[in-house]
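Read off the chains here:
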Amino acid sequence: MDLELIIPAYNEQQRLPATVRSTIDYLADRPWSSAVVVVDNNSVDRTRETLQRFHDSPVHLYAIGCSDQGKGAAVRRGIATSAARFIGFADADNATPIDTLESVMELLTQGYDAVIASRHVAGARFEAEQSALRRGGGWVFRRLAHLALPDIADTQCGFKFFSGPLVRDVVADCHVDGFAFDVEILAQLVRAGHDVVEVPVAWSDVPGSTFSARHDGLRSMADLVRISLAR
């Protein structure tokens, strides 16, 4: 398999079907062999049932579970159970257009270890802006993330792809289950001397995020401090 695309999902019965449909439609026309893996992170709605409509998908679609709560735990579960040459994840809200994968795969096949979408590099744009509160929280998060990753403009865009063998090895030593998990993965890669390339994206804020500033904000910031202190 050339590519496995992981979609972590927690109570995503409303947003997930459209994202899976657009992803399958896109991948079906690409020259790569690929599969979509939805990791159900203990959803209590009908997230898993919404995938039944794709039983005749032209692209392999798998649903697996993750008993440990948290987006980081779900993504690591998907990576650990994969076997593809390239592995990555995209958010269930489809905020990053799936056709961004064209430039991502081109760079991966050229030999880059990690290619991530970015909302804060030249050529990127916001099709639909976040609220002022979310933008403020994002600014604080970026400042803390830069302690660990000063050369990466956007660590939090939910569209990241990697060399499969490399990232499977890296996540074995990762432990952050919450929303700072991808900073931990990127920090491990950078500290080991691997390249991380950012590609510009036309990003849209989509209502329905499961991130809670009250419940997840302080935990994420504490995780960022721990990541920046780890060497």
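Please refer to the structure placed before this passage.
Along each chain, the written sequence defines residue order, and numbers are assigned to residues from 1. Given that the model is predicted, a residue must reach a pLDDT of at least 70 before its local features are reported, and side-chain atom pairs must reach 80 or more before they are shown or counted; all residues, however, enter totals for whole chains, interfaces and linings. Calculated side-chain values reflect all of the structure's heavy atoms, with hydrogen atoms and water omitted.

**Student:** Describe the overall build of the chain, naming the residues involved and giving the relevant values.
**Tutor:** Only DSSP runs of H or I with at least four residues qualify as helices, and only runs of E with at least two residues qualify as strands; both kinds are numbered from the N terminus onward. Summing up its helical and strand segments, the chain has 7 helices and 9 strands in all. Per-residue accessibility, obtained with a 1.4 Å probe over protein chains only, is compared with the maximum for each type, and a residue is labelled buried under 20%, exposed over 50%, and partly exposed between these values. Counting across all 231 residues of the chain, residues that qualify as buried make up 49%. Here the accessible surface of atoms and residues is derived via Shrake-Rupley with a 1.4 Å probe, and residues count as covered only by protein chains that are part of the display. Approximately 10,700 Å² of the chain is accessible, and the part contributed by carbon and sulfur atoms is 50%.

**Student:** Explain the packing of helix H5 (residues 164–171) against helix H6 (residues 181–191) to me, and be specific about the residues and the numbers.
**Tutor:** Interaxial angles span 0 to 180 degrees and are taken between N-to-C directions of axes, which are lines fitted to C-alpha atoms, for helices over the stretch in contact. With their axes 10 Å apart at the nearest point, H5 and H6 run at an angle of 110° to one another. With respect to H6, the element H5 is oriented roughly perpendicular. Taken as a pair, H5 and H6 cross one another with a handedness that is right-handed. Taken together, the residues of H6 that come into contact with H5 (itself represented by Leu166, Val167, Val170 and Val171) are Ile185, Gln188 and Leu189. Residues are grouped as follows: nonpolar covers Ala, Val, Leu, Ile, Met, Phe, Trp, Tyr, Cys and Pro; charged covers Asp, Glu, Lys and Arg; every other residue, Gly included, is treated as polar. Its residues assigned to classes, the contact of H5 with H6 comprises 6 nonpolar, 1 polar and no charged. What sets the label is the angle itself: under 35 degrees gives roughly parallel, over 145 gives roughly antiparallel, 65 to 115 gives roughly perpendicular, and the rest give oblique. Crossing handedness is read from the near helix: turned anticlockwise from the far helix by less than a right angle, it gives a left-handed crossing, and turned clockwise, a right-handed one. Contacts are residue-level and defined by heavy atoms, with any inter-residue pair within 4.5 Å sufficient.

**Student:** I'd love a proper account of unusual backbone geometry, names of residues and values included.
**Tutor:** For Asn42, which is not a glycine, the phi torsion comes out positive at approximately 65°. For Asn42, the location among the structural elements is in the loop between strand S2 (34–40) and strand S3 (60–65). Take Asn42: its relative accessible area is 35%, and that puts it in the partly exposed class.

**Student:** Give a description of the pattern of salt bridges that names residues and reports values.
**Tutor:** We define a salt bridge as a contact between a side-chain nitrogen of Lys or Arg and a carboxyl oxygen of Asp or Glu at a distance within 4 Å. For the structure shown, the criterion picks out 10 salt bridges. Here Glu102 ties to Arg30 by a salt bridge, and the two come within 3.3 Å at their closest N and O atoms. Taken together, the positions of Glu102 in helix H3 (residues 101–109) and Arg30 in the loop between helix H1 (16–28) and S2 put the pair 72 residues apart, joining distant regions of the chain. Residue class for Glu102 comes out partly exposed when judged on its relative accessible area of 39%. When its relative accessible area of 24% is taken as the criterion, Arg30 is described as partly exposed. The partner of Arg226 in a salt bridge is Asp223, and the shortest N-O contact between them spans 2.2 Å. On the criterion of helical spacing, the pair formed by Arg226 and Asp223 is a turn pair, its members being 3 residues apart in helix H7 (residues 213–229). For Asp223, a relative accessible area of 7% gives the class buried.

**Student:** Describe the environment of Asp154, with residues and values.
**Tutor:** By secondary structure assignment, the location of Asp154 is in the loop between helix H4 (132–148) and strand S7 (159–163). Considered as a pair, Asp154 and Ala117 are 37 residues apart in the sequence and their alpha carbons are 7.9 Å apart. In this structure, Asp154 is in contact with Ile116, Ala117, Ser118, Arg119, His120 and Glu198, ignoring residues within four places of it in sequence. By the criterion applied in these results, polar contacts are pairs of N or O atoms within 3.5 Å in which, for protein atoms, one can donate a hydrogen and the other can accept it, and in which residues neighboring in sequence qualify only through two side-chain atoms. Among the polar contacts made by the side chain of Asp154, one reaches the side chain of Arg119 at a distance of 2.8 Å. A distance of 3.1 Å separates a polar atom in the side chain of Asp154 from the backbone nitrogen of Gln156.

Coordinates in, geometry out; function isn't part of it.
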